[in-house]
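Take a look at the letters that make up each chain.
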Amino acid sequence: MPAESNTIFKGVGVFLASVCITLPGVAQAQQAEGAAVLEEIIVTAQKREQSVQDVGLTISAFTGDRYRELSRGTLDGLASQISNVQTYSSNTYLESVHIRGIGLNEFQGQYDSPVAQHIDEVYIAKPWMKARRKYDIGRVEVLKGPQGTLFGRNTTGGALNFYTRAPVDRFEAELELGVDEHERYRVTGMINSPLSEQLSGRFSFNTELGNGGPQKNLFSGDEHGRPDLLDFRGQLLWTGEKLTVRALVHGGTDKSDKTAWKGPGIFNLGAPGLCPQLFTGEVSKNPSACAKTAGFAILNGYPQGEFEPEGIHTINQNKPPTVDDNFYGGYLRWDYELGDATLTSITAYEYYERIHTDDSQADMFNSTSTHYYNEMNQVSQELRLSGILAERWRYILGFFYENDDLDQVDGSDLSKQQFPGIAPPFADQFFAQFGIDTESIAVFVHNEFDFTENVTLNLGLRYTDDTIEVSDALLGIGLLPQTGKEKFVTPCLTTTYPAGPVGAPACPFLGPVAPPFNDSRSDQDFSWRVGIEWKAADDLLVYSNLMTGYRSGGYSLPFAGAATEFDPEELLAMELGFKYQLLDNRLQLNASAFRYVYDEVQVNVDDPVSPLVPITRNIGEQLNTGFEAEVTWQPVNSLYLRQSVGYLDAKFNDTPREITTYLGPIALDGKPPVNSPEWTYNGALRYQQQVANGWDIIAGLDYRWVDDRFLEATAQLFDKSDDYWVANMRIALASQDDKWEVAVYGTNLFDEEYLTYINNIGFFKLDIFGERQTFGATVRYRYH
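About the cut-offs
- Residues numbered from 1 in each chain as written.
- Predicted model: local features only at pLDDT ≥ 70, side-chain atom pairs only at ≥ 80, totals over all residues.
- Heavy atoms only, no water.
- Salt bridge = Lys/Arg side-chain N within 4 Å of Asp/Glu carboxyl O.
- Helix = DSSP H or I, 4+ residues; strand = E, 2+ residues; numbered from the N terminus.
- Phe/Tyr/Trp six-rings, centres within 6.5 Å; stacked < 30°, edge-to-face > 60°.
- Buried < 20%, exposed > 50% of the residue type's maximum accessible area, 1.4 Å probe, protein only.
- Pairing = 2+ DSSP bridges.
- Axes fitted to C-alpha atoms, helices over the stretch in contact; angles between N-to-C directions.
- Contact = heavy atoms within 4.5 Å.
- pLDDT = per-residue confidence, 0-100.

Now for the pattern of salt bridges. Any two side chains of opposite charge can pair if their charged atoms end up close together. Under the definition given, this model contains 50 salt bridges. A salt bridge links aspartate 257 to arginine 226; the shortest N-O distance between them is 3.4 Å. Here aspartate 257, found in the loop between β16 (243-254) and α4 (276-280), pairs with arginine 226, found in the loop between β14 (223-224) and β15 (228-239); they are 31 residues apart in sequence, far enough to count as distant.

In the structure shown here, the tally under the stated rule is 26 aromatic pairs. The interplanar angle of 85° and the centroid separation of 6.0 Å between the aromatic rings of tyrosine 681 and tryptophan 725 together place this pair among those described as edge-to-face. Within this pair, whereas tyrosine 681 is found in strand β37 (residues 679-692), its partner tryptophan 725 is found in strand β41 (residues 724-735), the two being separated by 44 residues in sequence. Overall, the relative accessible area of 6% leaves tyrosine 681 in the buried class. Of the aromatic side chains, those joined through ring pairs into one cluster are Trp128, Phe327 and Tyr352.

So, on to the sheet that holds strand β9 (residues 158-164). Overall, mixed pairing links the five strands, which are arranged β3-β8-β9-β6-β7 in an open sheet. Both edges of this open sheet fall to β3 (59-63) and β7 (122-124), since each of them pairs with a single strand only. Between one strand and the next, the sheet's axes are offset by a mean angle of 20°, whatever the strand orientation. Relative to β9, strand β6 (residues 115-119) is paired through five bridges, and the arrangement is parallel. Opposite valine 115, over in β9, you have glycine 158 as the bridge partner. Strands in contact with helix α2 (residues 64-71) are β3, β8 (137-144) and β9; relative to β3, the strand with the most contacts, it is inclined by about 95°.

Here we come to the sheet that holds strand β13 (residues 215-217). With mixed pairing, three strands are arranged side by side in an open sheet as β14-β13-β17. Of all the strands in the sheet, just β14 and β17 (314-315) have a single pairing partner and so form its edges. Bridge analysis of β13 against β17 gives two bridges, and the strand direction is parallel. Its bridge partner lying in β17, lysine 216 is registered against threonine 314.

This part is about the confidence of the model for the protein chain. Considering every residue of the protein chain, the mean pLDDT works out to 87; 88% of them sit at 70 or more. Long-range and interchain partners of residues 1-32, a stretch whose pLDDT sits below 50, account for 31 contacts in this model, where long-range means more than four residues apart. Contacts of residues 480-512 to residues separated by more than four positions or lying in other chains number 70 contacts, the stretch itself having pLDDT below 50.

A one-sided burial pattern is seen for strand β45 (residues 774-783), the buried positions being Thr774, Gly776, Thr778, Arg780 and Arg782 and the unburied ones Phe775, Ala777, Val779, Tyr781 and Tyr783. Judged from the eight bridges that link them, strand β10 (residues 172-180) and β45 form a sheet pairing that is antiparallel. Bridge pairing in β45 places leucine 177 opposite valine 779. Bridging between strand β42 (residues 740-747) and β45 involves eight bridges; their strand directions are antiparallel. Bridge pairing in β45 links tryptophan 740 to tyrosine 781.

All right, on to the environment of valine 636 then. Among the structural elements, valine 636 can be located in strand β33 (residues 621-636). C-alpha of valine 636 to C-alpha of leucine 38: the two residues are 598 residues apart in sequence and 9.6 Å apart in space.

Another aspect to go through is the pairing of strand β29 (residues 569-582). Side chains Glu569, Leu571, Ala573, Glu575, Gly577, Lys579 and Gln581 project from β29 onto a buried face, and the interleaved Glu570, Leu572, Met574, Leu576, Phe578, Tyr580 and Leu582 project onto a face without burial. Bridge analysis of strand β26 (residues 540-551) against β29 gives twelve bridges, and the strand direction is antiparallel. Looking across to β29, one finds that methionine 547 is bridged to alanine 573.

The next point concerns the side chain of serine 284. Secondary-structure assignment places serine 284 in helix α5 (residues 282-285). We classify serine 284 as buried; its relative accessible area is 10%. Once residues within four sequence positions are removed from consideration, serine 284 is found in contact with Leu755, Lys765, Asp767 and Phe769.

As a further point, take α2. In terms of burial, α2 is a largely internal element, seven of the eight residues being buried. If you check which residues of α2 are buried, you get Gly64, Arg66, Tyr67, Arg68, Glu69, Leu70 and Ser71. The first or second residue beyond α2 is arginine 72, which carries a positive phi of 60°.

Put into structure tokens, the structure is as follows:
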């Protein structure tokens, strides 16, 4: 067993031992301070209100205040509190979530993640549509394992469910100001007021701006990472005798800098071949150890562009990542009581225009400077009837519809490529341009039947029919006419595409530009769940689930490649767990074990039909086995402790597929999937104590250890991210009337350097690291 794993077990053992040793002292403290009880969190993981400890599913749930303190509203901050959950999103333009070894590892914008995100039960289709800070949140629920019956669409790995704070029938207002050492500023606020006896309104917002960021760009001489975000939300809530109506609208703009790649050199200088430091992974730690262009930048008169700058937070790029996004949307929800049943309707619309540019080769040239354009219109409707029959049978009958209309243009500018043979006259641009229309229709039923007072049977079934249509897809190589904000490119004329659009220029080469691709496919699936809940004692729930998940098929439409389609993937999950409350609910022990059989897994691989870039294919089977255990303890009112550990054994199985790497073709069979560390460990401590009349000090510390993991599916040394510890702290002075709070915080306290993303491409390499050590402060005033 690795030394790091021994460290984890020792830490958990010490903690559990301390629980037993300190119980007598805790009992005495409670007599002096008053009985402590862990806060009950009410969740809607089964689309009805229940205590999280009474639901026979593996759930990590956080109240809004605890989420704000621990995560600072970021996805990375949330994931750091949960075992067997990995993300990369630290100010990147994509959010990727991996739960128990299942997630999305793809930079093109048309793909759906197998871990779904919902906001107020509204499904958000694309990861880039939600890649920003969450604010004014009432509750967060992370559901592990497939949620194929109640939540359905693309929940193979699980679901992240955010619930915003709804309007209330009293006046409230809040304003929070934040600043950090990188000159990034944030203002968040809300105002809530009753408008009549039955109508209340709420307006909330988050804006972020600044003059700098955590990265230094030698090319411009400026700091990179400047935020420029406005996000707002308005709500109305009308409450009648039987009818409740909630209307929400939101919108905003994001023109921020996003985290830039590091592009370590991979070539020998002035000699053919790849440098030896590449194969050991040393180039990620020492990025200037090898040449970026094998010396051609020097020969072309640009010696300053030949080597990547030292330091993982220093770049030298002419076009580091920026976005110019606009978004808006909303929903109308109504709930009507029908005696012992409730009819619920949620009608939602989302619009998102994404314009993203970056320096994909991470250098000072237009060598592979890439732009992405996406325009998304999403409409969804859920209608469900829930109720209870004969006191023992709780049911939900539902219908779901969604339509996504996506226009996408991706292009890479190669006009100043330093490598001969890749630069012009061969090509000015790789591009992909297409439209995708997705229609999903589903019906579902969920039943909870109490066989006895202590045994409940859960049965769920969902039928889904997905239709995906690709229109006017142009994939190829051509000239570069666009500025980066135009929606459509104009491919040049070739002998393989002689007709061409009107006015298209002649190509200076004969390139593989294919005719427009038009196609459609339809997928159908039955997802189901069979679960047993046994209330073995008043404070002990034992549960078991056999359930399935499904992600629809689709199309791979790569830069300069060929259009191909892939089939749906399906997952069969077996889970056994328990939730135990002890010491009058001052101590909770939760644990679960799981086994997944994941069929027709969708992974990026090499394929003869796409010689330039990998494409998404069904590679076969993936097997995941693991467990999680969590201890939460509140010995006295002033002290809260939580520790959790996760184990995961995941690997591709019985697949003939391979991916070409710097070492040549590598077979995937037996390799672990991306972002699947064997061990993870999380902990948090919160201490609150009165320090003056009417004032408390609140001190929080959270920490996480992540085992070695691979960030490319080929699992070679140059794909590896070493294990790491990250610790964060927050100290606040708060008034006991909950009006004022002044806080200082530090993230990545020990300035750990750790990789979160790797993209190994034939003639360059890309790395993204977690954000550096950062200290900041916030001031909040709340009127209520």
